[in-house]
2 protein chains.
Amino acid sequence: MNLKQLSELLGLSQTTVSRALNGYPEVNRETRERVLKAVRETGYRPNKAAQRLATGKAGSIGLVMPTSPGNSSDVHFSEFLTGLGEEALRHDFHFVLTPADPNDEVGALRRLAASGNVDALFVNYMRGHDPRLEMLKSLSMPFLVHGRSIGSEPDYPFLDLDNEAAFYDATKLLLQLGHRHFALLNGPIYLDFAIRRRNGMEAALAERGLALDETCTSHTPMTDEQGLFAMERILQLEKRPTAVLCSSTVLALGAVRAINQAGLKLGEDISLIAHDDVLTLLKPESFTVPLTTTRSSLRAAGVRIAERLIGEIKHTETFPAQELWKAELIVRASTGVAPAE
Amino acid sequence: MNLKQLSELLGLSQTTVSRALNGYPEVNRETRERVLKAVRETGYRPNKAAQRLATGKAGSIGLVMPTSPGNSSDVHFSEFLTGLGEEALRHDFHFVLTPADPNDEVGALRRLAASGNVDALFVNYMRGHDPRLEMLKSLSMPFLVHGRSIGSEPDYPFLDLDNEAAFYDATKLLLQLGHRHFALLNGPIYLDFAIRRRNGMEAALAERGLALDETCTSHTPMTDEQGLFAMERILQLEKRPTAVLCSSTVLALGAVRAINQAGLKLGEDISLIAHDDVLTLLKPESFTVPLTTTRSSLRAAGVRIAERLIGEIKHTETFPAQELWKAELIVRASTGVAPAE
DNA sequence: AGAAGCAGCCAAAGCGCTTTGAGGAATGGG
DNA sequence: CCCATTCCTCAAAGCGCTTTGGCTGCTTCT
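The structure presented is a predicted model; accordingly, all values stated were derived computationally and were not measured. (Residues numbered from 1 in each chain as written. Chains lettered and ligands numbered in written order. Predicted model: local features only at pLDDT ≥ 70, side-chain atom pairs only at ≥ 80, totals over all residues. Heavy atoms only, no water.)

## Details of the relation of the copies chain A and chain B
Move 1: For the pair chain A and chain B, the superposition axis carries a translation of 0.1 Å, the fit reaches an RMSD of 0.2 Å, and the rotation angle comes to 180°. Taken together, the rotation angle and the small translation identify this as a two-fold axis.
Move 2: Looking at chain A, 100% of its interface residues are interface residues in chain B too, so the copies touch through the same face. (Least-squares fit on C-alpha atoms with pLDDT ≥ 70 in both. Contact = heavy atoms within 4.5 Å.)

As structure tokens, this is what we get:
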């Protein structure tokens, strides 16, 4: 069933039927109702490809899905995707996912844009001085960045968490509790958020004349296994830190296990603050010792990003180009006063 | 840059250029090379929407992404997606993801098919007597099911794990170790795999004249939290089971925590076998007490499914319509001889 | 030498939709 | 009674590609 058949069925022209469907004003109310009724009865659905060809609008937003063995099936990514999905559903949009070799993300992005399959692009997992930015700016297609790229001019639309502030605040709390020896279990160092969190932490330490010890720092993919390994290593150091910051509750999962295995008490012998992306899988409050966290929902970020992108495509709304969200610092039992030396 | 412009540039007809690009034989070798060179220089990319409209082929496979609060951002789902992605990348295919209200999966699927945006459909999270099957069969579009639907005629193409056998084998091993009191932490009871795993377990028990105790059984979303709660409850029962089967390592994560908190020793006081989907996030061998598992990679299943679907769309290959994979039973330290009564 | 075959190219139709520019039927004003 | 105005409707032109069905000129066969 296509437009032509439908219009013949109704004894109307294709134009009128099309207008009736797309809510143009110059159609008689009665006619419109007749059309809508026929649509319901016949189950007619406009062919998207044709619609796209005619309008240039695809009703979909493109994203490149990272597929490296490294960050494969990242919980953080799928949590975010869920948020995007929720919002897209409300607008009858969908995503076009292009899986990409991580060495060719720029190429994947370019192909996606050129394919004519999408109206807007989205990128995340930003790196320092990210090469994708230049490419996106050169395209004449709306895009939105989740995160930022340190080292690049901030002249692009983004939504980011204030990672510096989050880890600055967390560190400050630990300092106030008397801690002096810190460890950091961070994400991969080339990622922007990891750089900023580290910066935030260092800034807070510097205020007290302290510096982050390299041996107490690890930059790894954010899995519980890596958290375990890193923490085990750190706990064997001569000068053991009493406070740990984790870039994810997933890392914290492993770290806590290492701490338990070492016979140390979380919140007493050692304090830990993790960043909580509000993963459905892993709630900081359901750890044996509930975790103190800096919290910001990845899912909510997904919703917001979809909202902005769709708004932009439809030209219905204008948004601030750049948003910086604040994380909440939520104190639970994993933080306590520093033990006496 | 479109075909017309390109052909004018070359002084050829659109037909010839199109043929040259699509590998048709009736083009002079020399001409073809000229065309390819021009494409490289101009960066011409065919408009997918037009291509699709003309051919009816979209180069993409559609899937409905579950977005309920319940199974949101499911690690299992994204592990699988990664596999799909890997394979799709090799063939320059992409996915169209439609997020769907879980109460309207059939509708979402229908819309996706009708949109003309996809060449093939994929579904998973099958339920008993799943209504989507009828709908898929009525469509004239290739589809593939991950899992099966108990209660429906198995006359559709699927790829499934032999869940019955996996849990039958696991139970049998535990029986051989002398266990008599069993618990099962399973996924939602309406899901096909959960039903089959339970069946497999019951079959093995029945051979020894045993039955599964309802109070020792839980059917929940597969999160560590649910695993924790369920196990805590079960451990408080008067007649405590000595052997536990978990439908996921994620559930096991919580269950193991409950076991530890109860002061019980895994592999001595209580034995546990979990099904391992080979999640990158959660390796059974890196548990404090490494877990005995039934193993089958979700990601590998994703790869295979993409391979089959794409092959079908391109009509290049024929595959067996139905595949049943066997899980491997891998013994580690979480299983041991049943403790004396 | 004429018929037949073939390689290589092209013009034009068509995929299903939107949108432009115009026309026909009422209505109201002069 | 005629013209202007408003409301509704339509035919036709595109969107950028593939594909059908020729057409041309050259080689090969009889």
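## Comments concerning the sheet that holds strand 8 (residues 243-246) of chain B
All names here are of chain B.
Move 1: If you walk across this open sheet you meet the 6 strands as 7-6-8-9-10-12, and the pairing is mixed. The sheet terminates laterally at strand 7 (217-219) and strand 12 (328-330), the two strands that pair on one side only. Neighbour-to-neighbour, the strand axes of the sheet open up by a mean angle of 15°, direction not taken into account.
Move 2: For strand 8 and strand 9 (residues 271-276), the ladder comprises 4 bridges, and the chain directions are parallel. (Pairing = 2+ DSSP bridges. Helix = DSSP H or I, 4+ residues; strand = E, 2+ residues; numbered from the N terminus. Axes fitted to C-alpha atoms, helices over the stretch in contact; angles between N-to-C directions.)

## Details of the interface of chain A and chain B
Buried accessible area, meaning the area lost when the parts come together, often serves as the stated size of an interface.
Move 1: Across the contact, 52 residues belong to chain A and 52 residues belong to chain B.
Move 2: When chain A packs against chain B, the two sides together hide about 4400 Å² of surface, and 61% of this comes from carbon and sulfur.
Move 3: Counting across the interface, chain A meets chain B through 0 salt bridges.
Move 4: Here chain A is connected to chain B by 6 residue pairs in polar contact (both at pLDDT 80 or more).
Move 5: Ranked by the residues each element gives to the side of chain A that touches chain B, the list is headed by helix 5 (residues 75-90) of chain A, at 8 residues.
Move 6: Considered class by class, the residues forming the side of chain A that touches chain B number 23 nonpolar, 17 polar and 12 charged.
Move 7: As paired elements, strand 2 (residues 94-100) of chain A and strand 2 (residues 94-100) of chain B share 3 bridges and run antiparallel to each other. The partner of L97 of chain A across the bridge, within strand 2 of chain B, is F95 of chain B. (Buried area = accessible area lost by both parts, 1.4 Å probe. Salt bridge = Lys/Arg side-chain N within 4 Å of Asp/Glu carboxyl O. Polar contact = N/O pair within 3.5 Å; in protein donor to acceptor, adjacent residues only side chain to side chain. Nonpolar A, V, L, I, M, F, W, Y, C, P; charged D, E, K, R; others polar.)

## Looking at the protein's contact with DNA strand C
Move 1: Lining the immediate surroundings of DNA strand C are 28 residues, of which L3, S18, R19 and Y24 of chain A together with T15 of chain B lie closest.
Move 2: If you look at DNA strand C and keep only atoms within 4 Å of the protein, 62% of those are sugar or phosphate atoms.
Move 3: Among the secondary structure elements, those contributing two or more residues to the surface near DNA strand C are helix 2 (14-21) and helix 4 (48-55) of chain A together with helix 2 (14-21) and helix 4 (48-55) of chain B. (Near = heavy atom within 4 Å.)

## Brief notes about the protein's contact with DNA strand D
Move 1: Neighbouring DNA strand D are 28 residues, the closest being T15 of chain A together with L3, S18, R19 and Y24 of chain B.
Move 2: Backbone atoms, meaning sugar and phosphate, form 62% of the atoms of DNA strand D found within 4 Å of the protein.
Move 3: Contact distances for DNA strand D include 2.5 Å between a base nitrogen and a side-chain N or O atom of T15 of chain A.
Move 4: In the environment of DNA strand D, a base oxygen lies 3.2 Å from a nitrogen or oxygen atom belonging to the side chain of T15 of chain B.
Move 5: Counting residues per element, the ones that place at least two in the surface near DNA strand D are helix 2 and helix 4 of chain A together with helix 2 and helix 4 of chain B.
Move 6: Taken together, the residues that form the surface near DNA strand D break down as 10 nonpolar, 14 polar and 4 charged.

## Concerning the pattern of salt bridges
Move 1: Scanning all chains against the criterion turns up 41 salt bridges over all chains.
Move 2: The partner of K37 of chain B in a salt bridge is E41 of chain B, with the nearest N and O atoms 3.5 Å apart. Of this pair, K37 of chain B and E41 of chain B both sit in helix 3 (residues 29-42), 4 residues apart, roughly one helical turn.
Move 3: Look at K37 of chain B and you get partly exposed, because its relative accessible area is 47%.
Move 4: Relative accessible area serves as the criterion here: at 58%, E41 of chain B is assigned to the exposed category.
Move 5: One salt bridge in this structure joins D130 of chain B and R132 of chain B, with 2.9 Å as the shortest N-O distance.
Move 6: Within the structure, one salt-bridge network assembled from shared partners comprises R304, E307, R308 and E323 of chain A. (Buried < 20%, exposed > 50% of the residue type's maximum accessible area, 1.4 Å probe, protein only.)

## Quick look at the domain arrangement of chain A
All names here are of chain A.
Move 1: Annotation of chain A at the domain level lists domain 1 (3-46), domain 2 (60-161 + 299-325) and domain 3 (163-297).
Move 2: Between domain 2 and domain 3, the C-alpha centre-to-centre distance is 28 Å.
Move 3: Facing the 16 residues of domain 2 at the interface are 20 residues of domain 3.
Move 4: Across the domain 2 to domain 3 interface the summed buried area is about 1500 Å²; carbon plus sulfur atoms make up 55%.
Move 5: On the domain 2 side of the interface with domain 3, the three residues burying the most area are H76, I150 and L161, jointly 41% of the side's total.
Move 6: There are 0 salt bridges connecting domain 2 and domain 3.
Move 7: Linking domain 2 with domain 3 are 8 residue pairs in polar contact (both at pLDDT 80 or more), by the criterion used here.
Move 8: Of all the secondary-structure elements, those providing two or more residues to the side of domain 2 that touches domain 3 are helix 5, strand 5 (158-161) and helix 12 (298-314).
Move 9: Taken together, the residues that form the side of domain 2 that touches domain 3 break down as 8 nonpolar, 3 polar and 5 charged. (Domains from an automatic or database assignment.)

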